[in-house]
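The primary structure of each chain is shown beneath.
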Amino acid sequence: MADHGDIRTGRHCVFVLHAHLVFLTKFRHRVFTGAHLERMEQIMRDVCADFETELAEFNGEASHVHLLVHFPPKIALSRLVNSLKGVSSRRMRQEFPELARHYYRANKLWSGSYFAGSVDGAPISVLRQYIEQQNRPV
């Protein structure tokens, strides 16, 4: 199961929600350098803070980035992704004009698609067994 340090509480819930997100550059262009990724990590952390989420891990390569986000259940993951991609695209193109030349027609940094995977907790088989063993009232 999850580490107890990851458990968060809300007004009416206790939760551990992590998502693995992967964003690809438009046309899979290899445009990022180390400096780009350092600045992008800070931008992503700021956006996550605005959404009351935590960017637990960030890394990337020349054409894509990986994020591990710890988020509360009140946050719609699709809205978080939309904001992360939109804000980072706008700020990165403003601060690094050389990125814009790769996208002279599209004027977008990211591909329209993304990967989101749930992370953490027990495997499905263990969860099924746990649920099956609950003391159901007669």
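Our structure is the block above this text.
Within each chain, residues carry numbers counting from 1 in the order of the written sequence. A pLDDT threshold of at least 70 governs which residues receive local features in this predicted model, and a stricter bar of 80 or more applies before side-chain atom pairs are shown or counted, although totals over entire chains, interfaces and linings include all residues. Each side-chain value is derived from all of the structure's non-hydrogen atoms; neither hydrogens nor water enter the calculation.

*Asks:* Residues and numbers for the packing of aromatic side chains, please.
*Replies:* Two rings from Phe, Tyr or Trp (for Trp, the six-membered ring) form a pair when their centres sit within 6.5 Å of each other. Planes less than 30 degrees apart are called stacked, planes more than 60 degrees apart edge-to-face, and all others tilted. In total, this model carries two aromatic pairs according to the counting rule given. Relative to Trp 110, the ring of Phe 23 lies with its centre 5.7 Å away and its plane at 65°, an arrangement referred to as edge-to-face. Taken together, the residues Phe 23 in strand β3 (residues 18-25) and Trp 110 in strand β6 (residues 110-119) connect sequence positions 87 residues apart. Taken together, a centroid distance of 5.6 Å and an interplanar angle of 55° make the contact between Phe 32 and Trp 110 tilted. Of the two residues, Phe 32 is situated in the loop between β3 and α1 (34-50) and Trp 110 in strand β6; the sequence distance between them amounts to 78 residues. Cluster of aromatic residues (ring-pair linked, three or more members): Phe 23, Phe 32 and Trp 110. Only when the NZ atom of a Lys or the CZ atom of an Arg is both within 6 Å of the ring centre and within 35 degrees of the ring normal do we say a charge sits over the ring. One Lys or Arg, Lys 26, reaches over the ring of Phe 27 and ends 5.5 Å from the middle of that ring. Runs of E in the DSSP output that reach at least two residues are strands. Runs of H or I that reach at least four are helices, and both are numbered from the N terminus.

*Asks:* Give me the lowdown on the nonpolar core, citing residues and values where you can.
*Replies:* Here, the term nonpolar core denotes a set of buried Ala, Val, Leu, Ile, Met, Phe, Trp, Tyr and Cys residues that are joined through side-chain atoms within 4.5 Å. The buried label goes to any residue with under 20% of its type's maximum accessible area, the exposed label to any with over 50%, and the partly exposed label to all in between, with areas taken from a 1.4 Å probe on protein chains only. Core analysis: the largest hydrophobic core is formed by 28 residues, its most contacted members being Phe 23, Met 44, Val 65, Leu 67 and Leu 84. When contributions to this core are tallied by element, the ones reaching two or more residues are β3, α1, β4 (54-60), β5 (64-70) and α2 (77-95). It only takes one pair of heavy atoms within 4.5 Å for two residues to be counted as in contact. Contact partners of Leu 84, with chain neighbours within four places excluded, come to Leu 21, Phe 23, Met 44, Val 47, Cys 48 and Leu 67.

*Asks:* Explain the sheet that holds β4 residue by residue, including any values.
*Replies:* Note on pairing: two strands pair once DSSP finds at least 2 bridges between them. Strands sit in the order β4-β5-β3-β6 across an open sheet of four strands; the sheet is antiparallel. Every other strand in the sheet has two partners, leaving β4 and β6 as the edge strands with one partner each. The sheet shows a mean angle of 20° between the axes of neighbouring strands, direction not considered. Relative to β6, β3 runs antiparallel, the two being bridged by seven bridges. By the bridge assignment, His 18 is partnered in β6 with Val 119. On the sheet, α1 packs against β3, β4, β5 and β6 and is oriented at approximately 160° with respect to β4. Throughout, an axis means a line fitted to C-alpha atoms (over the contacting stretch in the case of helices), and angles, computed between N-to-C directions, take values from 0 to 180 degrees. Docked against the sheet, α2 engages β3, β5 and β6, running at close to 135° with respect to β6.

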